Amino acid sequence: MSLVPENRTLFAVDVVDSASNRGYHTEAIAPAVAGLVDTALHHSGLGAADVLDRESTGDGVLLTLPGSHLGAVLDAAEYLDRAAARRNRRSKPEIRLRIAVDTGPVGVVPGYYPAKTALTRMLDAPGFKELIARCREIGDSDEVNTALIVSDHAKRIAFSGDHLRVLREGEFGRLPVRNKEYAAEAWVRVADFDSRSVAVHIATLAAEPKAGAGSAAETGAVDSRALPEVSNNVVNVMGGHARNSFQAGVVYGDVHNGRPR
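Residues numbered from 1 in each chain as written. Predicted model: local features only at pLDDT ≥ 70, side-chain atom pairs only at ≥ 80, totals over all residues. Heavy atoms only, no water.

Asks: An account of the environment of Arg196 is needed here, citing residue identities and associated values.
Replies: Inspection of the secondary structure assignment puts Arg196 in helix H6 (residues 195-207). Overall, Arg196 belongs to the partly exposed group, its relative accessible area being 24%. On a C-alpha basis, the gap between Arg196 and Gly170 in space is 9.5 Å, while along the polypeptide they are 26 residues apart. (Helix = DSSP H or I, 4+ residues; strand = E, 2+ residues; numbered from the N terminus. Buried < 20%, exposed > 50% of the residue type's maximum accessible area, 1.4 Å probe, protein only.)

Here it is in structure tokens:
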């Protein structure tokens, strides 16, 4: 009988549409992503000693950190967005990232554990990719630098106390995801989009017919039956920053166009 491995925080990053980059840009992507991730971890108060395992996934990376660092890792997703935005304003190729965070039992011996499989399924879920594409299509595509997906379990733990400095729970929208054998409820945050706009995009994607598609379970698409209804008549009280908002109805409150970096 073996002991159950310690619960760890898992942080995965992958490049959006990396195959569309020209050949001479390909070699620059992996080191650029590694640099962006290290910068984000540093700003979140984490260093190389906090990373228990680092695995290359081609043009991305999968990090294993102590379970107690979940809040700092989620904050690192925001710092990663800021770092990617700064880089994309001055460097080529532009790098836009999908980010996934989860927690689960991972042993001290490097390897692929079920928790890591679940994380990669969530990161690669078709519904998550479709949501990013929709936000880039509807909004300003140059401003969508990152999108974050978090398991329901990890989100509940992270926001159960004072564990984060920059991310807020209200920035996330619910996204049921399916990818191969993986099916679970997750939460997504597309930087510079308010959660209401993300919810509208999710509902729109769920309602769109897929040509020649089978069931949602077969295709990995968002299942509209699992989503809340989105009213066409919305009255919102808003405060803070809402760069890419698509609201119907009357908006009250102090609204700023844009988010400081």
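Picking up after the structure, the text goes on.
Asks: How would you summarise the nonpolar core if you had to cite specific residues and measurements?
Replies: One recurring pattern in soluble globular proteins: nonpolar side chains tend to sit buried together. If you look at the biggest cluster of nonpolar residues, it comprises 36 residues, and the most contacted ones within it are Phe11, Val13, Val37, Leu74, Leu80 and Leu148. When contributions to this core are tallied by element, the ones reaching two or more residues are strand E1 (7-15), helix H1 (23-43), strand E3 (61-66), helix H2 (70-90), strand E4 (97-105), strand E5 (146-151) and helix H5 (152-158). Ranked by the residues each element gives to this core, the list is headed by H2, at eight residues. Other than its neighbours up to four places away in sequence, Leu74 contacts Val101, Leu148, Val150, Ala158, Leu164 and Leu167. With 29 residues, the next largest nonpolar core counts Leu10, Ala118, Ile132 and Ile149 among its residues. (Core = buried A, V, L, I, M, F, W, Y, C linked by side-chain atoms within 4.5 Å. Contact = heavy atoms within 4.5 Å.)

Asks: I'd like a rundown of the packing of aromatic side chains, residues and numbers included.
Replies: Throughout the structure, instances matching the rule amount to one aromatic pair. Taken together, a centroid distance of 6.0 Å and an interplanar angle of 70 degrees make the contact between Phe159 and Phe172 edge-to-face. One end of the pair, Phe159, is in the loop between H5 and strand E6 (173-179); the other, Phe172, is in the loop between H5 and E6, with 13 residues separating them in the sequence. Residues Phe159 and Phe172 agree in their burial class; the two are buried. (Phe/Tyr/Trp six-rings, centres within 6.5 Å; stacked < 30°, edge-to-face > 60°.)

Asks: Let's hear about unusual backbone geometry: which residues, and what values?
Replies: Here the bond from Lys92 into Pro93 is cis, since omega is -5 degrees, no more than 30 degrees from zero. Considering the arrangement of structural elements, one finds Pro93 in the loop between H2 and E4. Located in the positive-phi region is Asp192, a residue other than glycine, with phi close to 80 degrees. Tracing the chain through its elements places Asp192 in the loop between strand E7 (182-190) and H6.

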